[in-house]
Amino acid sequence: MAEMEGSKVDHREPLLTVRNLHVAAGEVEILKGLDLTVYPGEVHAIMGPNGSGKSTLSNVLAGKPDYEVTDGEVLFQGRDLLAMTPDERAREGLFLAFQYPVELPGVRTRQFLKSALDAIYQHRGRKPLSIREFDKLFKEKMQLVQMSPELMQRSVNEGFSGGEKKRNEMLQLALLDPKLAVMDETDSGLDIDALRIVAECVNRLRGPERAFVLVTHYQRLLNYITPDFVHILVDGRLVMSGGPELALEVESKGYDWVKQAAGVGS
Amino acid sequence: MAPVLTDVEKYLTDFQAFEQALPAGEAAWVRDLRRRGIARFQEVGLPTARKGNERWKYTNVGPIASATFHHPVAAPARTPAVAEFRDLLPWQEDWLRLVFVDGRFAPELSDTAGAPDGVRLDSLAAALTSDGQVAEQHLARYATPDIDGFTALNAAFLRDGALVHVPDGVELATPLLLVYLTTEHDSPVVTYPRTLVVLGRNAAVTLVEAYVGLAAGRYFTDAVTEVVLDEGARAHHYRYLREGAEAFHIGTTKVHQGRDSTFESVAFEMGCAIARNDVHVLLDDPGASCVLNGLYMTAGTQHMDNDINIDHLKPHCSSSQYWKGILAGRSRAVYSGRVVVHRDAQKTYATQADKNLLLSEEAEIDTKPSLFIYADDVQCTHGATAGHIDEDAYFYLRSRGLDAETASRLLINGFAREILDGISLAPLREYLDRLTSSSLPEFRFSERR
């Protein structure tokens, strides 16, 4: 992890600091002391087998109800993230790309995104865009994610294919311009073309101010996005961290190897 | 000490005062109709009995029966300015309109100048004293005083209302707005709006029937509407209910359809302490079709009852009903859809659906779409649902930076969209789109935690 990189002194403020995070859903403890530090501009991949707590981490960061944080803390730009409502987190600059984007029958995409952008701009002290300015930006971002304008005439995600839904997530990411994007298994259910488009979007949206946390089961997304750091999540903890080569090693040796090497229960 | 009057006696006292103040020169049939109305009312009273009272099973009209309302005999002292109410309804300057204030025609607020020759847009009061031919032929023939105490009372107190007559072959291109306004009074009032719409062969009309309350306090609207469609006639009918929060509203609509006629209706309902929308369509000639859709929004302790009845009497007719309800607080809504396919009505097509969005745990919906089929070659479907706001959808919206209120508004407006999209009258659709997506604090989704 970045802060354990040794002698290198980093004077920047971390964007996200997760310390000893314990999370339970009902009676079951899912995250059991997770630590993670993310600086602006970094791309972190978190890989883990099924049931390791990947989606729980994404959801807790975004503020989904149904989880209980039993210990630890999460700071976003130095502020207590867990004390914020989901919409405050979004306005502060956190974005969750959903594993399963929700269909919103009757809710018009344009109205939804204009409202969201207005809320975020207002929070940042910027003047909301006029309809014309918004449409221009919207069109630009649709081209970026190679999304058909026809889809935008429909209700949010209604009748979209899996790939179209994920692309719509990327469109929202591009439009809302977050500081930290958490991508929850964005690669799941995507064919290779859709995967490539999504990866391309991430690469284009990478920048010195924006960080990504890519949560994934498989290494294949990382063929298209080269992360700065790879962490392995097993049984609610990050048990191994390294560079991009770690992903390939895990892919070839399997998660059982990780468990053995890290000395956690198989 | 004033004697305690029964609910029937209260109205009888009003009736005597009312009759004495009536203008001279009315036709005998009008007086007879009133007499029939009051006699019927004396017989049946208001439908307060709970037992064996299937039509009023879910709606307790006890609070209406036990309250005392005064029927204003004199014309209103003051006519409100348009600015006082235009935001409460889909008001368009270029529409034709007939406006009624406390049950009485208000010519200064009305505008019928653009109506084509032969089209009659008038107050019933005028029609009853002058040429009463259309009125005499149709009035109370469909919504008779015999239906229940409410239609009986409306007939008894018949004085004013709207007469719309579009003769054979005439299409009224400009939409027509009928507005029944109730203003603030020192004590609770009752009004009896009456609407008669008669369309000749192949005639067409687009009509918005609006009931709007300017009074915050209690009052009672007892409205009756009759729509008669001759062969090939087409009506787009919108019933807009926006009475005051303490109001009682009982509305009865009877529609009689001739061969190949179409009646497409969308209701929008908001406000009222107790409201009932009784609709009965008779598909009385082959090829007739009707669409009866509606959107009801209830909050607080409101009670809204839609009783939608269609009789398929002849073959090759179609009917469809699609209703949606948005219920907040401790409100309660009722949807009773009843389609009867009579023995001769072969090749009938009928659908019925009612879907409800409950914004709180305490809101309650009684929904019962029902089909009674006595013919064998028919295609009929029905269904009903009720559910709470989709928590995942709500979280999704909030995760994009939308606060609780905005997220609720988008989901409510989204739920309403299917009904709104079925409104072909664009200014009304846009008005309702704005209304259902505006800040309505009483319609906020209440979170579990």
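Residues numbered from 1 in each chain as written. Chains lettered and ligands numbered in written order. Predicted model: local features only at pLDDT ≥ 70, side-chain atom pairs only at ≥ 80, totals over all residues.

Peer 1: What should I look at first to understand the overall build of chain A in this one?
Peer 2: Within chain A, the secondary structure is distributed over eight helices and 12 strands. At 18 Å, chain A has a C-alpha radius of gyration in line with the 18 Å of a compact globule built from 266 residues. Seen through its C-alpha atoms, chain A measures out along the principal axes to roughly 55 × 40 × 40 Å. A total of 266 residues make up chain A; the buried ones form 42% of that total. (Helix = DSSP H or I, 4+ residues; strand = E, 2+ residues; numbered from the N terminus. Rg over C-alpha atoms; globule rule 2.2 N^0.38 Å. Buried ≥ 20, exposed ≤ 12 C-beta atoms within 10 Å, placed from the backbone.)

Peer 1: Any chance you could explain helix α7 (residues 244–253) of chain A here in plain terms?
Peer 2: Residues separated by three or four positions in an α-helix point in the same direction, a consequence of the helix having 3.6 residues per turn. All names here are of chain A. Those residues of α7 lying buried are Leu246, Ala247 and Val250. Here the buried residues of α7 occupy an arc of 105° about the axis, which is enough to place them on one side. The outward face of α7, more than 90 degrees from its buried face, is lined by the exposed residues Glu245, Ser252 and Lys253. On its buried side, α7 packs onto β3 (43–47), β11 (229–234), β12 (237–242) and α8 (255–262). With its phi angle positive at about 90°, Gly254 sits one or two positions after the end of α7. (Arc of directions from axis to C-beta. Contact = placed C-beta atoms within 7 Å.)

Peer 1: Would you take a moment to explain helix α1 (residues 54–62) of chain A for this structure?
Peer 2: All names here are of chain A. Of all nine residues in α1, eight are buried; the element is thus mostly enclosed. Where α1 is concerned, the buried positions are Lys54, Thr56, Leu57, Ser58, Asn59, Val60, Leu61 and Ala62. The first or second residue beyond α1 is Gly63, which carries a positive phi of 95°.

Peer 1: Help me understand the interface of chain A and chain B in this model?
Peer 2: Where interface size is given, it is often the accessible area lost as the parts come together that is meant. On the side of chain B, 18 residues touch chain A, which itself brings 22 residues to the contact. Taken together, the elements giving at least two residues each to the side of chain A that touches chain B come down to α2 (86–92), β7 (104–108), α3 (109–123) and α5 (162–176) of chain A. The biggest single contributor to the side of chain A that touches chain B is α3(A), with five residues. Broken down by class, the residue content of the side of chain A that touches chain B amounts to 15 nonpolar, four polar and three charged. (Nonpolar A, V, L, I, M, F, W, Y, C, P; charged D, E, K, R; others polar.)

Peer 1: Teacher, can you tell me more about the sheet that holds β11(A) here?
Peer 2: Backbone-to-backbone hydrogen bonds join strands into a sheet, with any given pair of strands oriented parallel or antiparallel. Residues and elements named next belong to chain A. The mixed open sheet is built from six strands, whose spatial order is β6-β9-β10-β3-β11-β12. Single-partner strands in this sheet number two, and they are β6 (94–97) and β12. For this sheet the average axis-to-axis angle between neighbouring strands, irrespective of direction, equals 20°. On the sheet, α8 packs against β11 and β12 and is oriented at approximately 85° with respect to β11. (Pairing = 2+ DSSP bridges. Axes fitted to C-alpha atoms, helices over the stretch in contact; angles between N-to-C directions.)

Peer 1: Any chance you could explain the packing of α3(A) against α5(A) here in plain terms?
Peer 2: Residues and elements named next belong to chain A. Packing of α3 against α5 leaves a shortest axis separation of 10 Å and a crossing angle of 35°. You can see that α3 and α5 cross each other, and the crossing is right-handed. Note on element contacts: α5 touches α3 through Gln172, Leu175 and Leu176, opposite Leu113, Ala116, Leu117 and Ile120. Here the residues of the contact of α3 with α5 sort into six nonpolar, one polar and no charged. (Left-handed = near helix turned anticlockwise from the far one by under 90°.)

Peer 1: Sorry, what's going on with unusual backbone geometry here?
Peer 2: Glycine aside, residues mostly have negative phi angles, and peptide bonds mostly take the trans form. With phi around 55°, A:Gln146 is a residue other than glycine that occupies positive phi space. You can see A:Gln146 is positioned in the loop between α4 (131–144) and β8 (155–156). One non-glycine residue, B:Asn202, lies in the positive phi region at around 55°. Inspection of the secondary structure assignment puts B:Asn202 in the loop between β7 (194–199) and β8 (204–213). Residue classification places B:Asn202 among the partly exposed positions, given that 17 C-beta atoms sit within 10 Å.

Peer 1: Quick question: what am I supposed to make of the pairing of strand β5 (residues 176–182) of chain B here?
Peer 2: Two faces belong to every sheet, and in a regular strand the side chains alternate between them. All names here are of chain B. Counted residue by residue, β5 has seven buried out of seven residues, so it is predominantly covered. Judged by which residues are buried, β5 turns out to be covered on both faces: Leu176, Leu178, Tyr180 and Thr182 on one side and Leu177, Val179 and Leu181 on the other are all buried. Looking at chain direction, strand β1 (residues 96–101) and β5 are connected through six bridges and run parallel. Residue Leu96 lies in a different strand from β5, and its bridge partner there is Leu176.

Peer 1: Just to check I follow, could you spell out the sheet that holds β5(B) for this structure?
Peer 2: The strand order across the open sheet formed by 10 strands is β2-β1-β5-β8-β10-β12-β14-β16-β18-β20 (chain B), and the pairing between neighbours is mixed. In this open sheet, the two strands that pair with only one neighbour each are β2 (104–105) and β20 (378–388) of chain B.

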